[in-house]
Amino acid sequence: MTLSRRDFVRLSAGTGALAAMAQLGRTAAIAAPSGAYRAMVGIFLFGGNDGWNMVVPTDARHAAYQAARGAIALPRSSLTPLTNSSYALHPAMAALRPIWDEGALSLVLNTGTLFAPLTKATYGSRPDLRPSNLMSHADEQAHWQGLRARDAAKDGFLGRMADRMPQGRLSPLISLSGSTLAVIGQRTVPLVIPASGLPTRAGYNAADTARNLASAALAASDGGPIMAGAEKTLRESYDQAELAATLLSGTSSIARYFVDAKGNMLTSDIAAQLLATARMIEARGTLGHSRQTFLVSMASFDHHANQIQPGNPAAGTHAAQLGELAEAMAAFHRAMKAMGVGANVTSFTMSDFGRTYASNAQNGTDHAWGNNHLVMGGDVAKGGIFGTYPDPVLGGADDITREGRFVPGVSQEEYLGAIARWHGVSDADMPYVFPNWTTWSTAGRGPLPLFRR
């Protein structure tokens, strides 16, 4: 077996042994986006966030919401209302209310994995159109990150986007969530920054590295020719790690925006990731980046039990997580505005899947399908609410079971494709980034109008 350059990069990135990987040789046909600097920041909520308690209707549908959700339903009086809309956020997300009032926060309702447009009826009659292995954590995470609803994915949409973007001193694709599928491209390797601490080049020795790589390449290729450039790739990866560490280790005034309403520094992991993201955006000029793409994440949203505090659905584990998320997102938005790039940066949430609308006997929720998401940035449509909230009656028009597993009305391509296009992906490159793009860009479908222009 011959070990290719691409195989070497994938194996090295996958082991987690490197904090950052250098770019290998690239094709000359890279589309350089025009216009001002832009960055997109994906926030993946691993485990399946309960978006039905993150975004709640406040009109007549609230009665059906309470009836279906049972013990975990949030009282209308506890919610964070969104001005001039019939929706509210979880009470723990009050930090995002000023951003909504500013016109820099939008809602995307009932979004999820779709291979083709489906209704409850066609879901039952056309199993060939269903996404594979729905409601499985591993598969749905791969669906969101790889955007291949019925096939295995070896690369992710953020990585494929980076394949079409210009490079700088460091990769413009930066992950604070490890070498997850979303950031693996066909020709691009992300710069992976640890969620805490700094990238290091500990243990690097040029002579030893060259000798070890030569031995490994010979063994992997059954005595064939040594893989050209392997030592250079590893050496440059360490150099990139050192440069990233230098950029993140110095003092920055950006940190002062990462505080709560009482002026206390935010200490959550998601706040630390978004602060590091802000630092890399601050260094965009030094890095030579006209476009940057980031992935950050939070874990443990799989609340089959104890999602709420008994007797107080506005408190508990899920409330604490949403509070950390909202505080970190609000701080990040303040930092972007202070840097003068508030309209140049868009943040957006993703998650495995939604939860059942009906709660279970353990004050939790189970795996479902459609979900609600947030999009934040100075260029999003003011007061934007996209998609349609599903029929909240259990067993109703959108529920494929009697537990509130809703068929999504908005595909991932329509949601994420809008952000990718805003970021600078050309129409010609959309099918490369989104393998099922043709299905979602014809017959009246297309990217959501998430942005003001």
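Data block above holds the structure.
This structure is a prediction, so every number in the text was calculated from the model and none was measured.

Reading guide: rules and limits
- Residues numbered from 1 in each chain as written.
- Predicted model: local features only at pLDDT ≥ 70, side-chain atom pairs only at ≥ 80, totals over all residues.
- Heavy atoms only, no water.
- Helix = DSSP H or I, 4+ residues; strand = E, 2+ residues; numbered from the N terminus.
- Buried < 20%, exposed > 50% of the residue type's maximum accessible area, 1.4 Å probe, protein only.
- Contact = heavy atoms within 4.5 Å.
- Pairing = 2+ DSSP bridges.
- Expected span 1.5 Å × (residues − 1).
- Polar contact = N/O pair within 3.5 Å; in protein donor to acceptor, adjacent residues only side chain to side chain.

(A) The arrangement of the side chain of His 62 in detail. With respect to the element layout, His 62 can be found in helix 3 (residues 61-69). Looking at His 62, the relative accessible area reads 1%, which means it is buried. Ignoring sequence-local partners within four residues, the contact set of His 62 consists of Val 56, Pro 57, Leu 74, Pro 75, Arg 76 and Leu 79.

(B) Examining the pairing of strand 5 (residues 105-112) more closely. Summarising burial for strand 5: 8 of the 8 residues are buried, a large majority. Sheet analysis places strand 5 next to strand 10 (residues 371-376), joined by 5 bridges and oriented antiparallel. Within the sheet, the bridge partner assigned to Thr 111 lies in strand 10 and is Asn 371. Bridging between strand 5 and strand 11 (residues 385-386) involves 2 bridges; their strand directions are parallel. If you follow Leu 107 over to strand 11, its bridge partner there is Ile 385. One ladder, built from 2 bridges, connects strand 5 with strand 12 (residues 410-411); its direction is parallel. The residue bridging Thr 111 from the neighbouring strand is Val 410, located in strand 12.

(C) Representation of the environment of Gly 159 in the model. Looking at the secondary structure, you find Gly 159 in helix 7 (residues 157-163). With 15 residues separating them in the primary sequence, Gly 159 and Ile 174 have C-alpha atoms 9.9 Å apart.

(D) Quick peek at helix 10 (residues 269-282). Taking 1.5 Å as the rise per residue, helix 10 with 14 residues should run 20 Å; its terminal C-alpha atoms sit 20 Å apart, in good agreement. Of all the 14 residues making up helix 10, 10 are buried; the element is thus mostly covered by neighbouring parts of the structure.

(E) Highlighting the side chain of Ser 351. By the secondary structure assignment, Ser 351 is in strand 9 (residues 345-351). A distance of 2.5 Å separates a polar side-chain atom of Ser 351 from the backbone oxygen of Leu 45. Every residue in contact with Ser 351, bar those within four places of it in the chain, is listed here: Phe 44, Leu 45, Gly 48, Asn 49, Trp 144, Asn 371 and His 373.

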